[in-house]
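Inside the fold
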Amino acid sequence: MTRTSRHLALLLFFTLALPIASHAQATPTPDKPFVVEYYYKAKWGHADEFLKLFKKNHYPVLKKEMETGRITKAWLDQPRYHTTEDGRWDYRVTIVFKNATVANEPFDEAALQKQMYPDQETFQREEQRRFEILEAHWDLPVKSVDVESKP
């Protein structure tokens, strides 16, 4: 093998190996909590209605999931001040799942909702309304960064 061929082989190796190593480091640890932030941007004038429906129909489901241990914590935040319209959100729900596996495995939330809300017609209508009044909704898995560790 010539010197140039060895250099090309090493370059190819690192080109392929570095993304794999980086991905492995970014993969959530299965035994650690997994945090997801859910952002909701309501149409102007409908933020209070969204909150009312959320508290009535969705937060009790989250509490039930906390009782089962699937979720360890959940809370709702709203911004204190106004932002630009393109960056505006009205509510952020942060959910801490037991771990990444639990957060990403199939979960039959519909069965839980049917158990908790026997009047499914009203429940479905109110949940549809909760999403009709949204302009945007996005989910953001987050990870903690240890700023004390050495680079």
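Here's what I pulled together on the structure shown here. (Residues numbered from 1 in each chain as written. Predicted model: local features only at pLDDT ≥ 70, side-chain atom pairs only at ≥ 80, totals over all residues. Heavy atoms only, no water.)

The next point concerns the environment of Lys 63. Positionally, Lys 63 belongs in helix H2 (residues 47-68). The spacing of Lys 63 and Lys 73 is 10 residues in sequence and 8.7 Å in space, taken between C-alpha atoms. (Helix = DSSP H or I, 4+ residues; strand = E, 2+ residues; numbered from the N terminus.)

In this model, H2 (22 residues) spans 30 Å end to end at C-alpha, consistent with the 32 Å of a helix rising 1.5 Å per residue. At Lys 55, H2 shows its maximal kink, close to 45°. Those residues of H2 that fall on the buried side of the exposure criterion are Ala 47, Phe 50, Leu 53, Phe 54, Asn 57, His 58, Val 61, Leu 62 and Glu 65. Of the surrounding elements, those touching the buried residues of H2 are strand S1 (34-42), strand S2 (71-77), strand S3 (91-97), helix H4 (109-116), helix H5 (120-132) and strand S4 (134-142). Phi turns positive one or two residues past the end of H2, at Gly 69, with a value near 95°. (Expected span 1.5 Å × (residues − 1). Bend = angle between axes of the 7 residues up to and from the residue. Buried < 20%, exposed > 50% of the residue type's maximum accessible area, 1.4 Å probe, protein only. Contact = heavy atoms within 4.5 Å.)

Residues Trp 138, Leu 140 and Val 142 make up a contiguous nonpolar surface patch of roughly 220 Å² in combined accessible area. With respect to the secondary-structure elements, Leu 140 resides in strand S4. For Leu 140, a relative accessible area of 38% corresponds to the partly exposed category. (Patch = residues over 30% accessible without salt bridge, like charges linked within 9 Å, V, L, I, M, F, W, Y side chains within 5 Å. Areas by Shrake-Rupley, 256 points an atom, 1.4 Å probe, with all protein chains shown as cover. Salt bridge = Lys/Arg side-chain N within 4 Å of Asp/Glu carboxyl O.)

What follows deals with the side chain of Glu 65. By the element assignment, Glu 65 lies in helix H2. In this view, Glu 65 contacts Arg 70, Ile 71, Phe 107, Glu 109 and Leu 112; residues no more than four positions away in its chain are not counted.

Turning next to the pattern of salt bridges. Scanning the model with the defined rule gives 12 salt bridges in all. Among the salt bridges present, the one from Glu 49 reaches Arg 129, with a minimum N-O distance of 2.8 Å. Of the two residues, Glu 49 is situated in helix H2 and Arg 129 in helix H5; the sequence distance between them amounts to 80 residues. When its relative accessible area of 27% is taken as the criterion, Glu 49 is described as partly exposed. The exposure class of Arg 129 is partly exposed, given its relative accessible area of 29%. For Arg 129, the salt bridge goes to Glu 132, with nearest N and O atoms at 3.8 Å. Of the two residues, Arg 129 and Glu 132 both sit in helix H5, three residues apart, roughly one turn of that helix. With relative accessibility at 38%, the residue Glu 132 sits in the partly exposed group. A cluster of three or more residues bridged by salt bridges with shared partners is formed by Lys 41, Glu 85, Arg 88, Asp 90 and Glu 135.

All right, on to the side chain of Arg 130 then. Within the secondary structure layout, Arg 130 lies in helix H5. Excluding its chain neighbours within four sequence positions, the residues that come into contact with Arg 130 are Tyr 40, Phe 50, Leu 53, Phe 54 and His 58.

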